[in-house]
Amino acid sequence: MPVPAPLHDAPLRIAYLTYRGKPHVGGQGVYTRHLTKALVDLGHHVEVFSGQPYPVVDERITLTKLPSLDLFNDHYPGRFPAYWEIKTREDLLELLQFSTGTFPEPLAFSYRALRHLTPRAGEFDLVHDNQCLGYGILQLEKRIPTIVTLHHPITRDRVLEMEHAPTWRKRRSVGRWYSFVKMQGRVASRMPRIVVVSENSIRDIHTDMGVPYDRMRLVPVGVDPDLFRPRPDIARVPGRLITTASADVALKGLSYLLEAVAKLRTERDVTLTIIGKPKPGKSMDLIESLGLRSAVQFVSGVPDERIVELYAEAELAVVPSLYEGFSLPAIEAMVTGTALVATDGGALPEVTGRDGETVLSCRAGDADALAATIARGLDDPELRARVGAAGRQRVLERWTWRRCAELTVEQYREVLAMPANVAKLRRNGRLPATTTAPGC
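Here's what I pulled together on the structure shown here. (Residues numbered from 1 in each chain as written. Predicted model: local features only at pLDDT ≥ 70, side-chain atom pairs only at ≥ 80, totals over all residues. Heavy atoms only, no water.)

Side note on the sheet that holds strand 4 (residues 126–130)
Note the threshold: Strand pairing follows a simple DSSP-based rule, namely that at least 2 bridges must link the two strands. Strands are runs of DSSP state E lasting at least two residues, helices are runs of H or I lasting at least four, and both sets are numbered from the N terminus onward. Axis lines are fitted to C-alpha atoms, over the contacting stretch for helices. Their N-to-C directions set the angle, which ranges from 0 to 180 degrees. Only heavy atoms enter the contact rule, under which two residues are in contact if any of them lie within 4.5 Å.
Taken in spatial order, the seven strands of this open sheet run 3-2-1-4-5-6-7, and their pairing is parallel. Edge positions in the sheet fall to strand 3 (62–65) and strand 7 (216–218), since each has one partner strand and no second. Ignoring strand direction, the axes of neighbouring strands in this sheet form an average angle of 25 degrees. Relative to strand 6 (residues 194–196), strand 5 (residues 146–150) runs parallel, the two being bridged by three bridges. Looking across to strand 6, one finds that Thr 149 is bridged to Val 195. Here helix 9 (residues 199–209) sits on the sheet in contact with strand 5, strand 6 and strand 7, set at roughly 165 degrees to strand 7.

Re the pattern of salt bridges
Two side chains bearing opposite charge may form a pair once their charged atoms approach each other closely. What counts, and what does not: By definition here, a salt bridge exists when the distance from a side-chain nitrogen of Lys or Arg to a carboxyl oxygen of Asp or Glu is within 4 Å.
Counted under the stated rule, the structure contains 33 salt bridges. The salt bridge involving Asp 125 is made with Arg 430; its shortest N-O contact spans 3.0 Å. Of the two residues, Asp 125 sits in the loop between helix 4 (105–117) and strand 4 while Arg 430 sits in the segment after helix 18 (419–427), which places them 305 residues apart along the sequence. Where salt bridges share partners, they join Lys 37, Asp 41, Asp 58 and Arg 60 into one cluster.

Observations regarding the sheet that holds strand 8 (residues 240–244)
Strand order in this open sheet of six strands is 10-9-8-11-12-13, and the pairing throughout is parallel. Of all strands in the sheet, those with a lone pairing partner are strand 10 (296–299) and strand 13 (360–362), marking the two edges. Here the strands of the sheet are splayed against their neighbours by 25 degrees on average, with no regard to which way each runs. By the bridge criterion, two bridges tie strand 8 to strand 11 (residues 316–319) in an arrangement that is parallel. For Ile 242, the partnering residue across the bridge sits in strand 11 and is Ala 317. Each of strand 8, strand 11 and strand 12 (340–343) touches helix 13 (residues 328–335); the most contacted strand, strand 12, lies at about 160 degrees to it.

Comments concerning the packing of helix 13 against helix 16 (residues 381–398)
Our working rule: Orientation is classified from the angle alone, with under 35 degrees giving roughly parallel, over 145 giving roughly antiparallel, 65 to 115 giving roughly perpendicular, and any other angle giving oblique. Helix crossings are classified by the rotation of the near helix relative to the far one: an anticlockwise turn of less than a right angle makes the crossing left-handed, while a clockwise turn makes it right-handed. Polarity classes work like this: nonpolar for Ala, Val, Leu, Ile, Met, Phe, Trp, Tyr, Cys and Pro, charged for Asp, Glu, Lys and Arg, and polar for all others, with Gly in that last group.
Look at helix 13 against helix 16: their axes get within 7 Å of each other, and the N-to-C directions meet at 120 degrees. When the interaxial angle is binned, helix 13 and helix 16 end up oblique. The chirality of how helix 13 crosses helix 16 is left-handed. Residue-level contacts link Ile 331, Met 334 and Val 335 of helix 13 to Gly 388, Gly 391, Arg 392, Arg 394, Val 395 and Leu 396 of helix 16. Here the residues of the contact of helix 13 with helix 16 sort into five nonpolar, two polar and two charged.

Quick look at helix 9
Convention followed: Here's how the labels work: a residue is buried when its accessible area is under 20% of the maximum for its type, exposed when over 50%, partly exposed in between, all with a 1.4 Å probe on protein chains only.
Restricting attention to buried positions, one finds in helix 9 the residues Asn 200, Ser 201, Ile 202, Asp 204, Ile 205 and Met 209. If you follow the buried residues of helix 9, they end up packed against strand 5, helix 6 (155–163), helix 8 (180–188), strand 6, strand 7 and helix 14 (348–352). One or two steps after helix 9, the chain reaches Gly 210, where phi turns positive at roughly 75 degrees.

Observations concerning the nonpolar core
How we decide: Nonpolar core, defined: a set of buried Ala, Val, Leu, Ile, Met, Phe, Trp, Tyr and Cys residues in which side-chain atoms within 4.5 Å join the residues together.
Of all hydrophobic cores here, the largest spans 58 residues; its most connected members are Ile 331 and Leu 340. Tallying contributions element by element places helix 17 (residues 401–416) first for this core, with eight residues. Setting aside chain neighbours within four positions, we find Ile 331 in contact with Val 221, Gly 222, Val 223, Phe 326, Val 351, Val 395 and Trp 399. Ranked by size, the runner-up nonpolar core spans 43 residues in total, among them Tyr 19, Leu 107, Leu 114 and Val 174.

Digging into the packing of aromatic side chains
How two aromatic rings sit relative to each other is set out by the distance from centre to centre and by the angle between their planes. For the record, the criterion: Under the pairing criterion, centres of Phe, Tyr and Trp rings, with the six-membered ring standing for Trp, must be within 6.5 Å; the plane angle then separates stacked pairs below 30 degrees from edge-to-face pairs above 60, leaving the rest tilted.
Per the counting criterion, the structure on display carries twelve aromatic pairs. With a centroid separation of 5.5 Å and 65 degrees between ring planes, the pair formed by Phe 103 and Phe 180 is classed as edge-to-face. Linking Phe 103 in the loop between helix 3 (89–99) and helix 4 with Phe 180 in helix 8, this pair joins segments that are 77 residues apart in sequence. Residue Phe 103 is classed as buried on the basis of its relative accessible area of 9%. Ring pairing ties together the aromatic residues Tyr 19, Phe 72, Phe 80, Phe 98, Phe 103, Trp 177, Tyr 178 and Phe 180, which thus form one cluster.

What follows is the structure, given as structure tokens:
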């Protein structure tokens, strides 16, 4: 019998979920914007469902907003909501979780998505969950075939934050905050297919979350090489460094970069551009204590074209992370032809390649080593040019959003061909009642 159309080659209707999608920094928003656009370019229909901050999506894509209480917005992070804001069961759940010190967005969003999509099950072939993994996703998967992208296990964030907590009270607070990770592990281990962005993350997800290897598939993320490209018409500023800080957490290693910049400034003129918003907290306190206020510039809310210009102005891009599941900022910097300094945290060596060839590499969590590696790059313009050109070529050969979308669709087809999902498609009216699974 022929393979059912949605399992073979027909355009698919995809409900794409992201519980938050910050547009220009943070992997979830960037991944959402570019993957969904590439899926539409391949001929598929995508509707994005998101909580705040909402992602920027292609004009061909419908963005359906599922508002949270927005307790962690940039203006008032950690605010307590007013009673009149509590309008639904999901709002109450979010408030209760927040009141216990737990990050509430994934769980609350999963139930908002469940409530919204259940009556619309007949409109979609598949749900693609971008690392929410709330309990509502398990219930949604019973109604609509579902696949999950898990960029890296948040267990690594939790461990690093607890290690860097200054007191036992703070460690206990961090543990409560990250208690949602247990839920994500339980949900991930019961999903039929997990898309993972690096081999390193596959190993860590198996170790930390117990997800069987045979449930996971490698689908690397991509970059738009026509947008992120060299700009030889823009002069590089001597001593200028650039980095991306999507969050002020230990995992991203920004404190080590700030210490390295302070060390370098005792002997040379070095400045740092940070793509991200300045927020009260550890990094801003460190900038003040190190006397770096005049040497550090934050840039946020600008289009990708301006970010490309910022890379072109820098002599070196830096990814100082203690751990990365992949690192979009790394490949975006590399494909612009800007020489990259990166640590060996998590999947970074898998992404960036060999030291001195496509990257200048150093140990994670070592400000002195980071400063020495940056100095090596600043002192050798020929090395920067060679590493920058080779880094761009490495990205061009491996990572584009079109290829990411093609591999993702392959996973969609495999999941839809599972007998249990053929039954769901039939029940939802997405397949004729007589359709059977491939091979029958």
